[in-house]
Every structure is written in structure tokens, then in C-alpha cells.
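# Structural characterization, general
Next come the chains, spelled out residue by residue.
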Amino acid sequence: MCGCRAARVRSSLAEMANRGPSYGLSREVQEKIEQKYDADLENKLVDWIILQCAEDIEHPPPGRAHFQKWLMDGTVLCKLINSLYPPGQEPIPKISESKMAFKQMEQISQFLKAAEIYGVRTTDIFQTVDLWEGKDMAAVQRTLMALGSVAVTKDDGCYRGEPSWFHRKAQQNRRGFSEEQLRQGQNVIGLQMGSNKGASQAGMTGYGMPRQIM
């Protein structure tokens, strides 16, 4: 089973190695994707990740390529999602620093799954190839921003950093009522509406019917 998976990964890697430069429409699309990448946002995300992980993680040089290289083995991402949980409740108990491609992609997938369980919407989750192949680093930024927003919104004591770094999501204000309160509410509604005893529909016209003038 593992041999088959490794073979598929090797085949995928060989295909990527043989892939030539993009031309025409595909090149235009890639350029538009790259234009969405935010260098200022990169700095903020790097600062947050290092602070959040609370470990001796080396700060990468600035730039999209360096940001990709810093994250592409999945190690930093797994440490990040683990840091958002109390000790002993980490979703990824074993983090590997393997240089093997399929191991790195596997860890990226583990992070993405854990991020979705944590509360990041599926529409905000990047694809593994977006990071590992550098296809869409703007999508990677979007996922990390969404993760930070969920962490700030949870406000469970695990988030480290300035609350203003991420947008706090609006939460539904759910209220619980006892059965007695519900019964009292029904009585009030009944009194407000009054009694219908002795009432009739005489003289009333149906909805949409013309009124007859005598």
C-alpha cells in the first residue's frame, strides 16, 4: 500500500519536473494569481506564526518564494494548528521533518483537515498543490488569515498575538428559555391579540378581491 502511494508521488514529482514554463493563457492566469499575493500580509502572518508556536522557529527571508519554502514541508503549519489547542489535545500528535515529498504533502493535508475541523470554512481552505508547488500562495495566505480569525473569535486562551491582527467573526446570539418562560410568553401574545369570541368575517373581502361599492 505504502509502495503504491510512494510510486504515485514519484510519478507526480516526475511530471512536475518535466513540466515546462507556462505560456499563453495559463501564464496569464498564473500572473493574475501571483498579483493577489500580499507582501505586507506575509510579514504579519510570519510574525503571528512564530509568536503563536512559541518555539525557536527561524524567521524566513522576505518574499513569496521564501514564504513557500518555509511552509512547504508542513512542519510549521502542523505546529501552528497544534498551538491553538490546550496541551494534550493537539490534533497532530506526531510531526515529521522528513525530506520525502509525499511525507511533506501528507503533513500539509493533515494541517488542512485539522484547520477545517477547527472551524475554517471549506471555501477558505487551500489545496495542497497551492503550497507545495507554489501554485497559489495567495490562497495559502487566505487560509492562514481565516485560521487566525477563528482563533481570535474563539477567545479560549490559546491564541497568542494582538487581537487586532485578525477580524473577529460575528457570532449568533443564542438565548435559552425555560418552559415556564415560554408559557408566559404565549400568554402575553394571547392577551395582545385579544379574544376572537363573537367575531365574524361578515363585511370582509378576500385578499385580492375587489370591494363592492353599494
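If you're wondering where the values come from, they're calculated on a predicted model, not measured in any experiment. Per chain, residues are indexed from 1 in the order of the written sequence. The predicted nature of this model means local features are confined to residues of pLDDT at least 70 and side-chain atom pairs, given and counted, to a pLDDT of 80 or more, with totals for whole chains, interfaces and linings taken over all residues. Note: side-chain values were computed over all heavy atoms of the structure, leaving out hydrogens and water.

## Focus: the side chain of S83
Secondary structure elements follow DSSP: runs of H or I of four or more residues count as helices, runs of E of two or more count as strands, with numbering from the N terminus. By the secondary structure assignment, S83 is in helix α5 (residues 75-83). In protein, a polar contact means a hydrogen-donor-capable atom and an acceptor-capable atom, both N or O and within 3.5 Å, with residues adjacent in sequence counting only if both atoms are side-chain atoms; elsewhere, any N or O pair within 3.5 Å suffices. Within the structure, the side chain of S83 is placed 2.6 Å from the backbone oxygen of L80, a separation counted as a polar contact. Working rule for contacts: check all heavy atoms of both residues, and any pair within 4.5 Å makes them a contact. Once residues lying within four places of it in the same chain are set aside, the contact partners of S83 are Q52, C53, C158 and R160.

## Thoughts on α5
Counting buried positions over the nine residues of α5 gives eight, a clear majority of the element. The complete set of buried residues in α5 reads T75, V76, L77, C78, L80, I81, N82 and S83. Three exposure classes are used, based on accessible area relative to the maximum for each residue type with a 1.4 Å probe and protein chains only: buried under 20%, partly exposed in between, and exposed over 50%.

## A word on the nonpolar core
One finds I49, F67, L71, F111, F126, L144 and L147 to be the most contacted residues of the largest nonpolar core, which totals 42 residues. Where this core is concerned, the elements lending two or more residues are α3 (39-53), α4 (64-71), α5, α6 (101-118), α7 (128-132) and α8 (137-154). With nine residues, α8 is the largest single contributor of residues to this core. Residue types Ala, Val, Leu, Ile, Met, Phe, Trp, Tyr and Cys, when buried and joined through side-chain atoms within 4.5 Å, form a set referred to as a nonpolar core.

## As for the confidence of the model for the protein
Caution applies to low-pLDDT parts of the model: their predicted coordinates are not meant to be read in detail. Summing up the model confidence of the protein, the mean pLDDT is 79 and the portion of residues at 70 or higher is 64%. No element of the protein has a lower mean pLDDT than helix α1 (residues 2-18), at 48, and none a higher one than α5, at 97. Note: pLDDT gives the predictor's confidence per residue, expressed from 0 to 100. Per-residue pLDDT stays below 50 along residues 13-23; that stretch engages in seven contacts with residues further than four places along the chain or on separate chains. Note on residues 204-209: pLDDT under 50 across the span, and one contact to partners over four residues away in sequence or across chains.

## Here we look at the side chain of T75
Considering the arrangement of structural elements, one finds T75 in helix α5. Using a relative accessible area of 5% as the deciding quantity, one classes T75 as buried. Among the polar contacts made by the side chain of T75, one reaches the main-chain carbonyl oxygen of S96 at a distance of 3.3 Å.

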